[in-house]
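Structural characterization, general
One-letter residues, chain by chain:
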2 protein chains.
Amino acid sequence: MTKIRDIAKRAGASIATVSRVVNGSGYVSAGMRARIEAAVRELDYRPNAGARAMRSGSSRMVGVLLPALDVHFFGILAHTVEQALFARGYQAMICSTAESPEHEAAYVGAMLAQQVDGVIMAAVASDGAGVGRLVAAGVPIVAVDRALPGLAAVAVDHHAGGRMLARHLLDLGHRAIGVVGAPDHSAPVQERLAGITAELAGAGLAPVAVRLGAEHGFEACRALADALLGEVLPTAIIGTTDMAAIGAIHAAAGRGLVVPRDLSVIGFDDLPAARYTIPQLTTVAQPVREIGQAAVERLLALMEGKPALPPPVLALRLVERGTTGRV
Amino acid sequence: MTKIRDIAKRAGASIATVSRVVNGSGYVSAGMRARIEAAVRELDYRPNAGARAMRSGSSRMVGVLLPALDVHFFGILAHTVEQALFARGYQAMICSTAESPEHEAAYVGAMLAQQVDGVIMAAVASDGAGVGRLVAAGVPIVAVDRALPGLAAVAVDHHAGGRMLARHLLDLGHRAIGVVGAPDHSAPVQERLAGITAELAGAGLAPVAVRLGAEHGFEACRALADALLGEVLPTAIIGTTDMAAIGAIHAAAGRGLVVPRDLSVIGFDDLPAARYTIPQLTTVAQPVREIGQAAVERLLALMEGKPALPPPVLALRLVERGTTGRV
DNA sequence: TTGTACGCGTTATCAA
DNA sequence: TTGATAACGCGTACAA
């Protein structure tokens, strides 16, 4: 690794001068600057991030704590957050907790050790000790996808989303509505379910069946929906995520039901996968990419001590495709 | 941030002793150890990673350079790599280049600055200067998903995969076979195409049409397949990725073709999405998660200067589902 | 306009 | 068994 001393020697300057040109601070003559810049280029010099952070107190790194990266939703979120951070000159430290509290704790420790300047997180459990340690250390935090008590948050109104799901089906004349969802420990899923129940209650109804599972993979969701259909036969099924809805479509097909003729199905998220089925999935879209960008904006404002930005307006949008119809 | 001096003061020890217990090196009396461990716990002390890296020469961080995180395949790969690294006590520094050479260059710089102990990468372009800088800096590298000249690689044999795709269709009696793929600049996609062509040539055939596009999203793939079907009418279409194949299924449906009766479709990867369509997609599966784990294993061996492990056996597997049938 | 020297938080060497 | 201290690479007062 080439270091500042190597550049100084090569350019016939002192390390202080090299530091000045690298950081664009203080006065340096044009000739000296040119020599130093040349040396930097020739030796591919990179200031040691650790030493720099130690001196300056800022690592220019932001921790991004997500429950998973192999779940498409979070992969997309991670991607946009990372791109937004990059554009502002920050390095993302992306950590996937694999839904495990121990992982989360370990990662919080790693972030603290790395002296991250801030953290964007979608916590598995809101009571997680991880958040507390971060807060205690005075690290600015923005919660994403799901709110965290006492913290700035960038998240869609999942409860309202749940209402939209139910409302759409009610408008279509459905009265016998089932709900399939996963993972059951996910706060957004629970909030959507509450929204569904509330909207249905407003019409004097209740879900004819609710099936929540721990696993959110395709097969688990399909099995969940299949179990539901084995017990009751609603005219519509709400998936609390697109994945759950897609599982429901397959469960229906497995039982010889034609969607949407015999059964309407609606999902939530509008992931790319919502377009994969035939007919394509009707769903309530949440603006994942805007969420990521808004979270980064808010975090940077927090980090720079700027006045808190107003909460972002994150619109949910009903995307009517082919899996819902009149009863 | 609490530092080693705070612990020393609190436990009535010297920083040297604290360092010893924290790192489990050297002799420390039981009493002293207990006092220090208590202080560490009470103050939630984390050794500063930067200072540690500076002193010890190792950052215990591994760079993971991927073209994207919002593409499900890479999200899964990132996840497994990250988990495997975590299990071995390493921190992953995940960077998504968004397929841009400038991003890649910037990230390589950041990795060098962070003093990463090694790098796992799926390079956008094999001629990338990024690789050169990493090699020049003596950083151990393992290429993943696609080989890189002169480097250890963990990747499936995409050419053989291409042959399997064609072989399956030939065995089913197909003679008029089209190919749809994206992104066209992807080396794996090109290799699979070469494999397809080779296998077809062995039967005295050539693809009736090949359509490669730059974008690999659903809509782009669908449009590509639709254009192909507008020109010729093969009895089967090979997608060089599952995404392309799913696009083909939709293009076929859009033209009133029934899969697999009128048109067989086969994909590559076996992503979760391969199960979302009805009928479910026949595809050649590559073991993504094994790839990620094997890459980590190989990199750690390299980093520890161990003898190079033999190249991993990464089996491709034909998964016959519902989208292919006899002509 | 440039250079010297100190300190950031650790680890490791050497003495005690 | 413990402690004082010299690096590690950098940024920045301060001196020149």
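Residues numbered from 1 in each chain as written. Chains lettered and ligands numbered in written order. Predicted model: local features only at pLDDT ≥ 70, side-chain atom pairs only at ≥ 80, totals over all residues. Heavy atoms only, no water.

1. A short note on the overall build of chain A
What chain A contains, in helices and strands, is twelve helices and eleven strands. The C-alpha atoms of chain A give 25 Å as radius of gyration, which overshoots the globular expectation for 327 residues (20 Å, by more than 25%). Taken over the C-alpha atoms alone, chain A extends approximately 80 × 40 × 35 Å along its principal axes. Among the 327 residues that make up chain A, the fraction classed as buried is 54%. When contacts within chain A are restricted to residue pairs at least 6 apart in sequence, long-range pairs at least 24 apart make up 69% of them. Surface summary for chain A: the accessible area is close to 13,000 Å², and the carbon and sulfur share equals 55%. Positive and negative side-chain charges in chain A, numbering 30 and 29 respectively, have mean positions lying 10 Å apart. (Helix = DSSP H or I, 4+ residues; strand = E, 2+ residues; numbered from the N terminus. Rg over C-alpha atoms; globule rule 2.2 N^0.38 Å. Buried < 20%, exposed > 50% of the residue type's maximum accessible area, 1.4 Å probe, protein only. Contact = heavy atoms within 4.5 Å. Areas by Shrake-Rupley, 256 points an atom, 1.4 Å probe, with all protein chains shown as cover. Lys, Arg positive; Asp, Glu negative; His and termini not counted. Charge placed at Lys NZ, Arg CZ, Asp CG, Glu CD.)

2. Regarding the sheet that holds strand β9 (residues 264-269) of chain A
Residues and elements named next belong to chain A. As summarised here, the arrangement of the six strands in space is β7-β6-β8-β9-β10-β11, forming an open sheet in which the pairing is mixed. Either end of the sheet is taken by a strand with one partner, and the two such strands are β7 (209-212) and β11 (317-319). On average, adjacent strands in this sheet sit at an angle of 15° to one another, irrespective of strand direction. Strands in contact with helix α11 (residues 242-254) are β6 (177-181), β8 (236-239), β9 and β10 (282-285); relative to β9, the strand with the most contacts, it is inclined by about 160°. (Pairing = 2+ DSSP bridges. Axes fitted to C-alpha atoms, helices over the stretch in contact; angles between N-to-C directions.)

3. Things to note about the environment of R192 of chain B
Residue and element names in this part refer to chain B. Here R192 lies in helix α9 (residues 187-202). Judged by its relative accessible area of 3%, R192 falls in the buried class. As a C-alpha pair, R192 and T241 span 49 residues in sequence and 9.4 Å in three-dimensional space. Side-chain polar atoms of R192 contact the side chain of H158, separated by 3.2 Å. (Polar contact = N/O pair within 3.5 Å; in protein donor to acceptor, adjacent residues only side chain to side chain.)

4. Considerations on the nonpolar core
In this structure, L85, I94, I120 and I238 of chain A together with L85, I94 and I238 of chain B are the most contacted members of the largest nonpolar core, which totals 95 residues. Excluding anything up to four places from it in sequence, I94 of chain B contacts L69, E82, A92 and I94 of chain A together with V64, L69, A78 and E82 of chain B. In terms of nonpolar packing, the next biggest core, distinct from the first, is built from 52 residues, A244 and V265 of chain A together with A252 and V259 of chain B among them. (Core = buried A, V, L, I, M, F, W, Y, C linked by side-chain atoms within 4.5 Å.)

5. Comments concerning the protein's contact with DNA strand D
Close contacts around DNA strand D come from 27 residues, with I4 and R55 of chain A together with R20, S29 and R55 of chain B the closest. Counting only the atoms of DNA strand D within 4 Å of the protein, the fraction contributed by sugar and phosphate is 54%. Between a base nitrogen of DNA strand D and a side-chain N or O atom of R55 of chain A, the distance comes to 2.6 Å. Looking at the surface near DNA strand D, the elements with two or more residues in it are α1 (4-11), α2 (15-23) and α4 (49-56) of chain A together with α2 (15-23) and α4 (49-56) of chain B. Of the residues in the surface near DNA strand D, the class split is 14 nonpolar, six polar and seven charged. (Near = heavy atom within 4 Å. Nonpolar A, V, L, I, M, F, W, Y, C, P; charged D, E, K, R; others polar.)

6. Considerations on the pattern of salt bridges
Residues and elements named next belong to chain B. If you walk through the whole model with that rule in mind, you get 28 salt bridges over all chains. For R255, the salt bridge is made with D226, and the minimal N-O distance between the two is 2.9 Å. With R255 in the loop between α11 (242-254) and β9 (264-269) and D226 in helix α10 (residues 218-231), the pair connects residues that are 29 residues apart, well separated along the chain. Accessibility expressed as a relative area gives 40% for R255, which makes it partly exposed. (Salt bridge = Lys/Arg side-chain N within 4 Å of Asp/Glu carboxyl O.)

Note that all results are geometric; they support no functional claim without further evidence.
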